[in-house]
Amino acid sequence: MLMASILFLILLSLSYSMDLNTALQKALANHPSIKALEEELKGLDGKAITYRSYLNPTLGVEFGNFGTSVESYKKNPVYKFSYSQPFFLYPVGELSKRAVSFEKLALKEKIEEQKNLVKSETYRAFYKALYYKELLKIYQESYQMSEEIYSFTKRLFELGETTKLELFRAERELKLAKIDLDLAKKEYESALSELSFWVGEKVEDVEGFLEELRDIKPLNLESLPQLRYYQNSIKGILASVELEKALAKPQTSVEVFGEKVSDSSYGFRVALSFTLPLFYRREGEILELLAKKESLQKQKSLEEMRINSELKSLNLRYEALKDSIKEVEKMLNTAKEELKLAVKSYRLKTITALELSETKRRYLELLKYRAELLLKAHEEFAKYLLLGGSL
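Owing to the predicted nature of the structure, the values given are computational and were not obtained by experimental measurement.

K.L.:
Got a minute to help me understand the overall build of the protein in this structure?
P.N.:
From N to C terminus, the protein includes eight helices and six strands. Secondary structure elements of the protein occur, N-terminal to C-terminal, as α-β-α-α-β-β-α-α-β-α-β-β-α-α. Relative to its full complement of 391 residues, the protein shows a buried share of 41%. Here the contacts in the protein between residues at least 6 apart in sequence split such that 81% fall between residues at least 24 apart. When the accessible area of the protein is evaluated, it comes to approximately 22,500 Å², of which 58% is carbon and sulfur surface.

K.L.:
So what exactly am I meant to see when it comes to the packing of helix H4 (residues 92-158) against helix H7 (residues 283-347) here?
P.N.:
To characterise two packed helices, one gives the angle between the axes of the helices and the distance between these axes. H7 packs onto H4 with a crossing angle of 15° between their chain directions and a minimal axis gap of 11 Å. Taken together, H4 and H7 sit at an angle that is classed as roughly parallel. H4 and H7 meet at a crossing whose hand is left-handed. Side by side, H4 and H7 meet where Met 145, Ile 149, Phe 152, Thr 153 and Arg 155 of the first sit next to Leu 339, Tyr 346 and Arg 347 of the second. Its residues placed into classes, the contact of H4 with H7 shows five nonpolar, one polar and two charged.

K.L.:
What is the right way to read a nonpolar patch on the surface from this model?
P.N.:
Residues Leu 59, Val 61, Phe 81, Tyr 83, Val 256, Tyr 266, Phe 268 and Val 270 make up a contiguous nonpolar surface patch of about 770 Å² in total accessible area. The set of elements that each furnish at least two residues to the nonpolar patch consists of strand E2 (58-63), strand E3 (78-87) and strand E6 (266-274). Top element by residues in the nonpolar patch is E6. It accounts for three residues. Residue position: Val 270 is located in strand E6.

K.L.:
How should I be thinking about the confidence of the model for the protein in this particular structure?
P.N.:
Atomic detail in the predicted coordinates should be set aside for any region of low pLDDT. The pLDDT averaged across the protein works out to 86; a share of 90% of its residues lies at or above 70. When the elements of the protein are averaged for pLDDT, helix H1 (residues 2-14) gives the smallest value, 49, and strand E4 (residues 205-206) the largest, 94. Of the regions scoring below 50 in pLDDT, residues 11-15 engages in eight contacts with residues more than four places distant in sequence or in other chains.

K.L.:
In this structure, what is going on with helix H5 (residues 164-199)? I would like to understand it.
P.N.:
Its 36 residues place the ends of H5 52 Å apart at the C-alpha level, agreeing with the 52 Å of an ideal helix rising 1.5 Å per residue. Two residues or fewer after H5 comes Gly 200, characterised by a positive phi angle close to 90°.

K.L.:
How should unusual backbone geometry be read in this particular structure?
P.N.:
In most cases, non-glycine residues show a negative phi, while peptide bonds are predominantly trans. Of note, Lys 349 is a non-glycine position whose phi angle comes to about 60°, a positive value. Mapped onto the elements of the fold, Lys 349 is located in the loop between H7 and helix H8 (353-387). The class of Lys 349 is partly exposed, set by a relative accessible area of 47%.

Here is what the cut-offs are and how they apply
- Residues numbered from 1 in each chain as written.
- Predicted model: local features only at pLDDT ≥ 70, side-chain atom pairs only at ≥ 80, totals over all residues.
- Heavy atoms only, no water.
- Helix = DSSP H or I, 4+ residues; strand = E, 2+ residues; numbered from the N terminus.
- Buried < 20%, exposed > 50% of the residue type's maximum accessible area, 1.4 Å probe, protein only.
- Contact = heavy atoms within 4.5 Å.
- Areas by Shrake-Rupley, 256 points an atom, 1.4 Å probe, with all protein chains shown as cover.
- Axes fitted to C-alpha atoms, helices over the stretch in contact; angles between N-to-C directions.
- Parallel < 35°, antiparallel > 145°, perpendicular 65-115°, else oblique.
- Left-handed = near helix turned anticlockwise from the far one by under 90°.
- Nonpolar A, V, L, I, M, F, W, Y, C, P; charged D, E, K, R; others polar.
- Patch = residues over 30% accessible without salt bridge, like charges linked within 9 Å, V, L, I, M, F, W, Y side chains within 5 Å.
- Salt bridge = Lys/Arg side-chain N within 4 Å of Asp/Glu carboxyl O.
- pLDDT = per-residue confidence, 0-100.
- Expected span 1.5 Å × (residues − 1).

In structure tokens form, the structure reads like this:
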């Protein structure tokens with residue numbers, strides 16, 4: 001059993017290990033959610049030229065004879081044709097492109113926000129995998145200690161220097177340590193699978209230091225993509241309002257007519273026409289846009305308050321966790337010395353196996369508790385990355 005566990009750890013060390021920077025680079029380059037938004041961004045290039053649909057000309061042709069005409073249809077089939085070409089007196093094209101340009105800027109900020117999400121989740125998944133790798137080492141140490149104690153207790157029992165009860169206790173501790181070790185392997189594999197989802201490829205192992213905690217730096221709210229998204233969206237709506245106002249004004253068309261004026265000749269006329277927006281001037285579209293603008297402004301204010309509140313509480317939790325980790329590390333140093341002394345005392349038969357087991361348990365619990373606190377600290381830092389923080 002011991003050899004199999006050692007072989008598993010050796011294979012992990014020989015396999016390709018991924019560090020945090022590599023994981024983040026691959027996630028940001030490959031994640032489908034980012035690529036989907038980038039494709040959506042390309043689609044806005046087409047929206048900028050939809051205004052051209054208003055410039056489509058109209059061609060009309062009339063056939064046949066009417067009234068008292070005695071000429072056959074085949075002799076003079078064309079009676080009248082017309083061509084109408086709309087054109088803009090106002091800069092509709094420029095206004096349309098301006099509105100779309102702000103939409104593109106807003107979507108780019110949405111892409112940056114999604115990148116922050118991917119970065120945050122990849123960071124969290126990476127350190128979750130590193131946490132389970134640390135647990136695997138802890139349970140490996142526990143198993144080795146249990147095996148040594150079992151071997152020593154077995155020799156004592158064979159020499160008649162201890163009871164069978166002590167041997168059973170040592171054997172039970174060894175079996176429990178083996179169960180914990182096997183479970184830790186599966187949990188580590190599961191954590192690697194979750195990380196693989198964000199990275200976009202299979203991750204066989206991770207390398208890094210769980211105790212490496214970074215500083216949380218102040219954030220400039222105005223530079224955060226989630227707030228810049230609202231700013232550009234509001235500007236885009238105001239530009240769209242100007243576009244709607246331009247479309248509400250009279251639209252102009254030039255028309256050319258060709259009409260039969262005698263048996264064998266046609267005459268031509270040129271006309272200029274205007275639409276008269278007497279009953280509807282796109283008020284519905286403008287009111288809808290203005291209401292959306294007010295909604296976005298309120299959402300922006302709410303988002304600012306949420307970020308400030310989250311950042312403040314996040315800082316408090318992060319610093320508290322760092323202080324707790326320092327205290328646990330001091331306790332851990334003492335517990336390690338206690339365990340060494342307990343093992344030595346057990347070999348000298350000055351303490352019982354139960355006392356040794358309790359000392360070992362306290363030491364392992366402190367190791368696991370330290371790892372849990374480190375994981376929680378990294379989870380808080382992942383929230384900071386989600387808000388727009390940097391490594």
